[in-house]
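Observations on the three-dimensional arrangement
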Amino acid sequence: MSGLRIAVLVSGGGTNLQSVIDAVEAGVLQSKIVCVISNKETAYGLERARAHHIPDYFINPKEENYDERLFAKLQEEKVDLIVLAGYLKILAPSLIQAYRNRIINIHPSLLPKFGGKGFYGLHVHKAVLAAGEKESGATVHFVNEGVDTGEIIIQRKVNIEPDDTPESLQSRILEQIEHKILVEAIKMLEGSN
Ligand code: GRF
């Protein structure tokens, strides 16, 4: 088993990022988070990185050549694995090709259900409840050129309770599933490296 040089990409709060930071610090993972990158300057995930002395970078999508600047940063940091953890921007096909099978994403549903364009954050959980589903969950998958369509690495389920709201489902899936399967998926990839 060998450690990977990981870049975590975030757009928001970064609780999934935190679960990876904690697993690295606890020695559960051999890998190192070499940088945290965001397309949002105010993403709380960047503060989490700073609090743990992990280099953090904001790459402004409103400036030219976003994809090239992101790619350059990943190359500079010699990244082996890119972890999308609440990263709400589509990656350029050239980047996906360059890092084929080395980019993973965490999605809060049982893909292929409730995935694709528009299915992010609370929208996912609202749609799951509106569809009358009996169970939901989360999925870690490789990233390909589609949206939420790459090969599934791990998927885990929770039952939906009669009194669930989108918010309660979201927090239960985050805490009970996402934070665990993201770390497990990285561990699996460490093993296959
Ligand atoms: C998570 O539900 C993740 O599955 C989705 O965006 C959310 C990010 O949460 N892609 P956080 O920023 O990790 O707290």
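Each remark here, short or long, concerns the structure printed above.
Residues numbered from 1 in each chain as written. Predicted model: local features only at pLDDT ≥ 70, side-chain atom pairs only at ≥ 80, totals over all residues. Heavy atoms only, no water.

A word on the environment of threonine 42
Looking at the secondary structure, you find threonine 42 in the loop between β2 (32-38) and α2 (44-51). Using a relative accessible area of 72% as the deciding quantity, one classes threonine 42 as exposed. In sequence terms threonine 42 and glutamine 75 are 33 residues apart; their C-alpha atoms lie 24 Å from each other. (Helix = DSSP H or I, 4+ residues; strand = E, 2+ residues; numbered from the N terminus. Buried < 20%, exposed > 50% of the residue type's maximum accessible area, 1.4 Å probe, protein only.)

Here's the deal with helix α6 (residues 166-192)
Three- or four-residue spacings in an α-helix give side chains the same orientation, since the helix completes a turn every 3.6 residues. With 27 residues, α6 ought to run about 39 Å at 1.5 Å a step, and its terminal C-alpha atoms sit 36 Å apart, in line with that. Helix geometry: α6 is bent most strongly at leucine 174, by close to 40°. (Expected span 1.5 Å × (residues − 1). Bend = angle between axes of the 7 residues up to and from the residue.)

Remarks on the sheet that holds strand β3 (residues 56-58)
One open sheet holds the seven strands; their spatial order is β3-β2-β1-β4-β5-β6-β7, and the pairing between them is mixed. Whereas interior strands pair on both sides, the edge strands pair on one side only; in this sheet they are β3 and β7 (152-159). Strand after strand, the sheet turns through a mean of 20° between neighbouring axes, direction not considered. Judged from the six bridges that link them, strand β1 (residues 5-10) and β2 form a sheet pairing that is parallel. Bridge assignment links leucine 9 to a residue of β2, and that residue is isoleucine 37. The strands that helix α3 (residues 66-76) touches are β1, β2, β3 and β4 (81-84); relative to β2, the one it contacts most, it runs at about 165°. (Pairing = 2+ DSSP bridges. Axes fitted to C-alpha atoms, helices over the stretch in contact; angles between N-to-C directions. Contact = heavy atoms within 4.5 Å.)

A closer look at the pairing of β1
In terms of residue burial, β1 counts as a mostly covered element, since five of its six residues are buried. You can see the chain leave β1, run along helix α1 (residues 15-25) and come back into β2, and the turn it takes is right-handed. (Right-handed = clockwise from strand over helix to strand, strands pointing away.)

Describing the side chain of lysine 73
Following the sequence through the fold, lysine 73 ends up in helix α3. A relative accessible area of 16% places lysine 73 in the buried class. In contact with lysine 73, other than residues within four places in its own chain, are Ile37, Tyr57 and Ile59.

Structural notes on the site of the ligand
What surrounds the ligand is the set Gly13, Gly14, Thr15, Asn16, Gly86, Ile106, His107, Pro108 and Glu178. Here threonine 15 contributes a side-chain N or O atom positioned 2.6 Å from an oxygen atom of the ligand. In the environment of the ligand, a nitrogen atom lies 3.0 Å from a nitrogen or oxygen atom belonging to the backbone of isoleucine 106. Contact with the protein chains removes 85% of the 370 Å² of surface that the ligand exposes when unbound. When contributions to the shell around the ligand are tallied by element, the ones reaching two or more residues are α1 and β5 (103-107). Grouping the amino acids of the shell around the ligand by side-chain chemistry returns two nonpolar, six polar and one charged. (Near = heavy atom within 4 Å. Polar contact = N/O pair within 3.5 Å; in protein donor to acceptor, adjacent residues only side chain to side chain. Areas by Shrake-Rupley, 256 points an atom, 1.4 Å probe, with all protein chains shown as cover. Nonpolar A, V, L, I, M, F, W, Y, C, P; charged D, E, K, R; others polar.)

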